[in-house]
Amino acid sequence: AQSVTQLGSHVSVSEGALVLLRCNYSSSVPPYLFWYVQYPNQGLQLLLKYTSAATLVKGINGFEAEFKKSETSFHLTKPSAHMSDAAEYFCAVSFQGAQKLVFGQGTRLTINP
Amino acid sequence: GAVVSQHPSRVICKSGTSVKIECRSLDFQATTMFWYRQFPKQSLMLMATSNEGSKATYEQGVEKDKFLINHASLTLSTLTVTSAHPEDSSFYICSATPGPQGHGYTFGSGTRLTVV
């Protein structure tokens with residue numbers, strides 16, 4: 001079955017440290033992949049997306065993600081965390097042949113001063 | 001860039017009444033809009049997909065008569081929660097896409113519905 005999984009419901013890092021949020025998908029055909037960020041009581045803001053072009057995708061706010069077909073992964077990284085990065089992050093997938101987005105469970109990122 | 005406006009941002013209603021939430025694409029024509037529901041500290045759950053000029057496609061388990069969706073134009077979709085009850089209290093979010101898969105999905109800012 002087609003699915004998307006985010007490993008770790010809560011990730012905590014120190015300010016200035018590397019941020020790594022994990023996302024794996026299950027599909028025989030590479031899908032379109034997205035990372036969104038959500039601040040409390042707000043909608044979702046697109047960080048970046050993979051649509052079968054370059055496997056390393058750069059997004060806003062210093063985030064980037066690498067599509068690895070062999071690992072069926074699309075992990076989100078940022079070299080140096082900032083306090084303003086504290087939020088909920090969602091990996092989402094649009095599988096081939098379907099328009100709708102399927103969301104992962106979300107990862108709450110906490111930044112320690 | 002693509003902007004989706006969602007109104008109201010917050011609404012409180014009495015049990016048994018109906019509430020309408022609007023989702024507008026401001027600078028593009030949205031052939032398809034999506035409605036999601038989000039419970040506290042949880043992910044987004046797709047409720048339905050609406051295509052302009054046709055009936056919405058509801059996800060399994062979503063009551064069509066409870067959550068009425070209308071997509072009468074290329075820039076407006078509405079979600080009406082009918083005969084609302086406290087268990088309908090939630091955060092509702094819409095999103096829109098101009099068309100081709102993978103092109104991009106823009107989200108509204110969400111509506112916090114509280115039924116008292």
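Residues numbered from 1 in each chain as written. Chains lettered and ligands numbered in written order. Predicted model: local features only at pLDDT ≥ 70, side-chain atom pairs only at ≥ 80, totals over all residues. Heavy atoms only, no water.

Draft legend 1. Structural view of the sheet that holds strand β1 (residues 4-7) of chain B. Residues and elements named next belong to chain B. Taken in spatial order, the four strands line up as β1-β3-β8-β7 in an open sheet, and their pairing is antiparallel. Looking at which strands have only one partner, the edges of the open sheet turn out to be β1 and β7 (67-73). Sheet twist, expressed as the average angle between the axes of neighbouring strands with direction ignored, equals 15 degrees. Judged from the four bridges that link them, β1 and strand β3 (residues 19-25) form a sheet pairing that is antiparallel. Bridge pairing links H7 to E22 in β3. (Pairing = 2+ DSSP bridges. Helix = DSSP H or I, 4+ residues; strand = E, 2+ residues; numbered from the N terminus. Axes fitted to C-alpha atoms, helices over the stretch in contact; angles between N-to-C directions.)

Draft legend 2. Structural context of the packing of aromatic side chains. Evaluation of the coordinates by the stated rule reveals 14 aromatic pairs over all chains. A ring pair is formed by Y50 of chain A and F74 of chain A, whose centres lie 6.3 Å apart and whose planes are at 50 degrees; its orientation type is tilted. Linking Y50 of chain A in strand β5 (residues 44-50) with F74 of chain A in strand β8 (residues 73-78), this pair joins segments that are 24 residues apart in sequence. The burial state of Y50 of chain A is the same as that of F74 of chain A; both residues are buried. Where F67 of chain B meets Y92 of chain B, the ring centres are 6.2 Å apart and the plane angle is 45 degrees; that geometry is what we call tilted. Highlighted residues: F67 of chain B in strand β7 and Y92 of chain B in strand β9 (residues 90-97), separated in sequence by 25 residues. (Phe/Tyr/Trp six-rings, centres within 6.5 Å; stacked < 30°, edge-to-face > 60°. Buried < 20%, exposed > 50% of the residue type's maximum accessible area, 1.4 Å probe, protein only.)

Draft legend 3. Structural context of the pairing of β9 of chain B. Residues and elements named next belong to chain B. Burial runs high along β9: eight of the eight residues are buried. Burial of β9 is two-sided: the residues S90, Y92, C94 and A96 facing one way and the residues F91, I93, S95 and T97 facing the other way are all buried. Where strand β4 (residues 32-38) lies against β9, seven bridges are found, and the strand directions are antiparallel. Bridge pairing in β9 places Q38 opposite F91. Here β9 runs beside strand β11 (residues 111-115); their pairing, made up of three bridges, is antiparallel. Bridge pairing in β11 links F91 to R112. As defined by bridge partners, β9 adjoins strand β10 (residues 106-107) across two bridges and the pair is classed as antiparallel.

Read these as spatial facts, not as claims about activity.
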